[in-house]
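# Chains, contacts and geometry: an overview
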Amino acid sequence: MNIYYHPLYTKGIDSKSTFPKERYDLIKDALAVNELSNTIAIKTPNKVEINDVYRAHSKDYVDAFLNSDLSEKQVREIGLKPWSDKIIDRTLFLTGGSVSALYDIYKGAPVSANMAGGTHHAFSERGSGFCIFNDIAICAIKAIEDYNYNRVLIIDLDVHQGDGTASILKNNDNAYTFSVHCKQNFPFKKESSNTDVEVESGVDDQAYLNILDKSLDTLNSVESDILFFQAGVDTLNTDRYGKLSLTIEGLNERNKMIFDFAQKRKNPILILMGGGYSEPIDNTVAAFRDLFIAAAKYSL
Ligand SMILES: [Zn+2]
């Protein structure tokens, strides 16, 4: 299995800021010593093609970002600190990592992953919540328009709602958005996904997994030929933004449910990383390590 990673993923943002950039290197280190490490290839992505970005975002917004011309309000809403021009290349590689992983799947891989992405709060005309371009929507449109997939099923299990994805894809019948998120968490004004499942703050493994199991059953009538998994681990009990009480074991069970679900419908899976802000960061790293290992097993 390929996992896309670029050194610039960790550049242009301050580790002391709200966004823990150190998680990338730590996850890479954790994967390198795993027994499945010989089945995982860390690949360098290309920058995303701007024409792919224009299909999900307004040209005005994309060009303003690329020309360092966003308003102070727009920069504040994105929330990455300190804001600098390094964020431009970082964003282009980070979004490119998701598109590169999608290309692997188009070429026959059962699973491919980006060690970043899942930037689901980015809307057509603005960024939000650490997200600048919405790689999920960009990849969904590319999968449909360039690679002839009939239905992209997007399963977003980050603790925060996939509001930007829902908004960008709301009129696209070839994409189906499914988001399980904490009701009391950001974004406080929710968008309408095709299916939204709200869980109350504080739910534990068992309650969460029961809800997920029942919700996945409702997708039985939704056909798909490719699955995108926004696999955020900010549902962990140690996450500083999460508000839920899942353990790493609970998250591993969650991931298994998604891989089993994909296997049943013989769908390949594009894995996008999403949020994870545990303090200390170790639990986030362990949860993502286990996710990528489970994905590597799916590829065997
Ligand atoms: Zn999140």
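Shown above is the structure to which this text applies.
Let me begin by describing the structure that accompanies this report. (Residues numbered from 1 in each chain as written. Predicted model: local features only at pLDDT ≥ 70, side-chain atom pairs only at ≥ 80, totals over all residues. Heavy atoms only, no water.)

### Some thoughts on the pattern of salt bridges
- Evaluated as defined, the whole model comprises 14 salt bridges.
- Note that Glu191 and Lys189 form a salt bridge whose closest N and O atoms lie 3.3 Å from each other.
- Residue classification places Lys189 among the exposed residues on the basis of a relative accessible area of 63%.
- A salt bridge links Lys256 to Asp260; the shortest N-O distance between them is 2.9 Å. (Salt bridge = Lys/Arg side-chain N within 4 Å of Asp/Glu carboxyl O. Buried < 20%, exposed > 50% of the residue type's maximum accessible area, 1.4 Å probe, protein only.)

### Regarding the side chain of Thr95
- By secondary structure assignment, the location of Thr95 is in helix α5 (residues 86-106).
- A residue is classified by how much of its surface remains accessible, and Thr95, at 0% relative accessible area, is buried.
- At a separation of 2.7 Å, a polar atom in the side chain of Thr95 contacts the main-chain carbonyl oxygen of Thr91.
- Those residues in contact with Thr95 that lie beyond four places of it in its chain are Val48, Phe133, Asp135 and Ile138. (Helix = DSSP H or I, 4+ residues; strand = E, 2+ residues; numbered from the N terminus. Polar contact = N/O pair within 3.5 Å; in protein donor to acceptor, adjacent residues only side chain to side chain. Contact = heavy atoms within 4.5 Å.)

### Side note on the coordination of the zinc ion
- Every protein donor of the zinc ion is accounted for by Asp158 (OD), His160 (ND1) and Asp234 (OD), and the metal-donor separations fall at 1.9 to 2.1 Å.
- Taken in sequence order, the residues that donate to the zinc ion follow the motif D-x1-H-x73-D. With His160 in the loop between β4 (152-156) and α7 (163-168) and Asp234 in the loop between β7 (226-230) and α9 (248-264), the pair connects residues that are 74 residues apart, well separated along the chain.
- According to the relative accessible area criterion, Asp234 is buried, its value standing at 0%. (Donors = N, O, S within 2.8 Å, 3.2 Å for Na, K, Ca; no water.)

### Observations regarding the pairing of strand β3 (residues 111-114)
- Residues Val111 and Ala113 of β3 are buried on one face, and the alternating residues Ser112 and Asn114, pointing to the opposite face, are buried as well.
- Judged from the 2 bridges that link them, strand β1 (residues 2-4) and β3 form a sheet pairing that is parallel. Residue pairing for β3: Ile3 is matched across the bridge by Ala113.
- Across 3 bridges, the pairing between β3 and strand β8 (residues 269-272) is parallel. By the bridge assignment, Ser112 is partnered in β8 with Leu270. (Pairing = 2+ DSSP bridges.)

### A look at the layout of surface pockets
- The computed volume of the largest pocket comes to approximately 470 Å³.
- For the largest pocket, the lining is made up of 33 residues, of which His121, Gly129, Phe130, Cys131 and Tyr277 are closest to its centre.
- Contributions of two or more residues to the lining of the largest pocket are made by α1 (22-32), α4 (72-78) and α5.
- In terms of residue count, the dominant contributor to the lining of the largest pocket is α5 (4 residues).
- Across the lining of the largest pocket, the residue classes break down as 12 nonpolar, 14 polar and 7 charged. (1 Å grid on protein atoms, 1.4 Å probe; cavity = no way out; pocket = protein on both sides within 12 Å on 5 of 7 lines; lining within 4 Å. Points joined across faces, edges and corners; volume = space filled by probe spheres on them. Nonpolar A, V, L, I, M, F, W, Y, C, P; charged D, E, K, R; others polar.)

### Regarding the pairing of β7
- Most of β7 is tucked away: 5 of the 5 residues are buried.
- Residues Ile226, Phe228 and Gln230 of β7 are buried on one face, and the alternating residues Leu227 and Phe229, pointing to the opposite face, are buried as well.
- Relative to β7, β4 runs parallel, the two being bridged by 5 bridges. Bridging from a neighbouring strand, Ile155 pairs with Phe229 of β7.
- Where β7 meets β8, 4 bridges bridge the pair, whose relative direction is parallel. Along β8, the bridge assignment pairs Phe228 with Leu270.
- Once you follow β7 into α9 and on to β8, the crossover reads as right-handed. (Right-handed = clockwise from strand over helix to strand, strands pointing away.)

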